[in-house]
Amino acid sequence: MSEPLPEPGFRPSAPAPADLIAWPADFGTRFVVFVDVEEEFDWDLPLSRDNRSVEAVAALPDAHARFAAAGVPLALMLDHPVASDARAADWIGPLLTGGSLVGAQLHPWVTPPLDEALVPRNSFAGNLPRALEAAKLDALTDAIATAFGARPTAYRAGRYGLGPQTFELLAGRGYRLDSSMRPGFDYAPQGGPDYGAIGNQAFHIGGLIELPSTTVFTGLARGGGMGLYRAGGSVPKGRALLARTRLLQRIPLTPEGIPIAEALEAVRAAVGDGIRVLSFAFHSPSLVPGHTPYVRYADDLRAFWHWWDRMFAELDRLGVTPCGLAELIAAAV
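Residues numbered from 1 in each chain as written. Predicted model: local features only at pLDDT ≥ 70, side-chain atom pairs only at ≥ 80, totals over all residues. Heavy atoms only, no water.

Draft legend 1. Focus on the side chain of His107. Tracing the backbone shows His107 in the loop between β3 (101-106) and α4 (130-148). Within the local environment of His107, its side chain forms a polar contact with the side chain of Asp79, the two groups lying 3.1 Å apart. Discounting chain neighbours no more than four positions away, the residues touching His107 are Glu38, Glu39, Phe41, Asp79 and Gly158. (Helix = DSSP H or I, 4+ residues; strand = E, 2+ residues; numbered from the N terminus. Polar contact = N/O pair within 3.5 Å; in protein donor to acceptor, adjacent residues only side chain to side chain. Contact = heavy atoms within 4.5 Å.)

What follows is the structure, given as structure tokens:
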């Protein structure tokens, strides 16, 4: 007998037109690079509270130098194991120049207080009782403030796990921007949020700026978007067939698992759609072979950097320029 599906999580509605951010004309079309700076763990195993090693963060200074050489600031979203590790603070502190800054990324399973059951549904922080989500957010925020001398103003929920109370909790603690929504992704089967109604345009919500993680549907039937993608998922191998016939593919902007040719097509489509801010992301353990499914070997790491070289060249050709989060927040007011 199969296990029952967990109760679905948060399901935000599409923003009202009045809530969409109208970027200044001279802001142009920009891109932001987020790095989920986090502990190492085996992605194929259940989550564990014991995974607190942050050795891969030592690779971040060299990676930051590569991005800085291309004029690209980084939004470094730190989780609790990183923020509470003195060595990690020493590695990260000198990087906070040229528009790079630290934000908060909440992994509830390794963030105190550890009062919840360690089950998949609770890995989405927005599913936790309000008081517990608030306490974990306080612990993470305070750890970052202690390590770097300033409270973070940008937030990302680990596993994209927003909840109905999250924005009020963030606003009350001085946060200005959230980057947790992932258009085109539905985590309801695991008990998480469903972002099927969310598009790629930034918008105001609950006193914050929401900058979704850019995800683009490409292909001959891309106009079918999330509706067609959901329909494909209801048929065995339906989504694979849609992709193989070049009818529809869902492409998040990340070097992790997304071939560069597909990512370049997605960027061209997003710019053609008039998306003014493109949001890229990757995980810090991918900077060291062996920690994520995307960078197992040295050749994978070379391919990771080649991906960025190709991407930066295409963004430059399209006139899409890099942006730091502080500049973006100021322009969105």
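Draft legend 2. Looking closely at the pairing of β3. In terms of residue burial, β3 counts as a mostly covered element, since 5 of its 6 residues are buried. Judged from the 3 bridges that link them, β3 and strand β4 (residues 154-157) form a sheet pairing that is parallel. What sits directly across from Gln105, in β4, is Arg156. Handedness of the β3-α4-β4 crossover: right-handed. (Buried < 20%, exposed > 50% of the residue type's maximum accessible area, 1.4 Å probe, protein only. Pairing = 2+ DSSP bridges. Right-handed = clockwise from strand over helix to strand, strands pointing away.)

Draft legend 3. Structural context of unusual backbone geometry. For the bond running from Pro112 to Pro113, omega is 0 degrees, close enough to zero to count as cis. The residue Pro113 is located in the loop between β3 and α4 in this model. Of note, the phi angle at Arg159 is positive, near 60 degrees, even though the residue is not glycine. The topology assignment puts Arg159 in the loop between β4 and α5 (166-171). Residue Arg159 is classed as partly exposed on the basis of its relative accessible area, which comes to 33%. In the Ramachandran plot, Lys237 falls in the positive-phi region, its phi being about 60 degrees despite a non-glycine side chain.

Draft legend 4. Seen up close, the nonpolar core. Core analysis: the biggest nonpolar cluster contains 71 residues, and Leu278, Phe280 and Trp308 have the highest contact counts within it. In terms of residue count, helix α9 (residues 298-318) provides more of this core than any other element does, 8 residues in total. Core analysis: the second largest hydrophobic core is formed by 20 residues, Met77, Leu177, Ala281 and Ala331 among them. (Core = buried A, V, L, I, M, F, W, Y, C linked by side-chain atoms within 4.5 Å.)

Draft legend 5. Geometry of the layout of surface pockets. Roughly 880 Å³ of internal volume is contained in the largest pocket. Along the wall of the largest pocket there are 39 residues; nearest its centre are Trp43, Arg159, Tyr160, Arg182 and His283. Of all the elements in the fold, those that place two or more residues in the lining of the largest pocket are β4, β9 (249-252) and β10 (277-283). Per element, the largest residue contribution to the lining of the largest pocket is 5 residues, and it comes from β10. Taken together, the residues of the lining of the largest pocket sort by class into 20 nonpolar, 11 polar and 8 charged. Looking at the second largest pocket, its volume works out to about 360 Å³. Broken down by element, the lining of the second largest pocket gets its largest block of residues, 3 residues, from strand β8 (residues 215-218). (1 Å grid on protein atoms, 1.4 Å probe; cavity = no way out; pocket = protein on both sides within 12 Å on 5 of 7 lines; lining within 4 Å. Points joined across faces, edges and corners; volume = space filled by probe spheres on them. Nonpolar A, V, L, I, M, F, W, Y, C, P; charged D, E, K, R; others polar.)

Draft legend 6. Spatial organisation of the environment of Leu247. Here Leu247 is to be found in the loop between α7 (238-244) and β9. When near neighbours in sequence (up to four residues on either side) are disregarded, Leu247 contacts Thr218, Gly219, Leu220, Ala221, Arg222 and Leu242.

Draft legend 7. Spotlight on the packing of aromatic side chains. One pass over the structure, following the stated rule, counts 21 aromatic pairs. Geometrically, the ring pair formed by Phe67 and Phe312 is edge-to-face, given 5.9 Å between the ring centres and 75 degrees between the ring planes. Of this pair, Phe67 sits in helix α1 (residues 60-69) while Phe312 is found in helix α9, placing the two residues 245 residues apart along the sequence. Overall, the relative accessible area of 0% leaves Phe67 in the buried class. Among the aromatic residues, ring-to-ring pairing joins Phe31, Phe67, Phe280, Phe282, Phe304, Trp305, Trp307, Trp308 and Phe312 into one connected group. The lysine or arginine in question, Arg30, covers the ring of Phe27, its NZ or CZ lying 4.9 Å from the ring centre. Looking at Arg250, its charged tip hangs above the ring of Phe185, at a distance of 3.5 Å from the centre. (Phe/Tyr/Trp six-rings, centres within 6.5 Å; stacked < 30°, edge-to-face > 60°. Lys NZ or Arg CZ within 6 Å of the ring centre and 35° of its normal.)

Treat this as a map of the structure, not an account of what it does.
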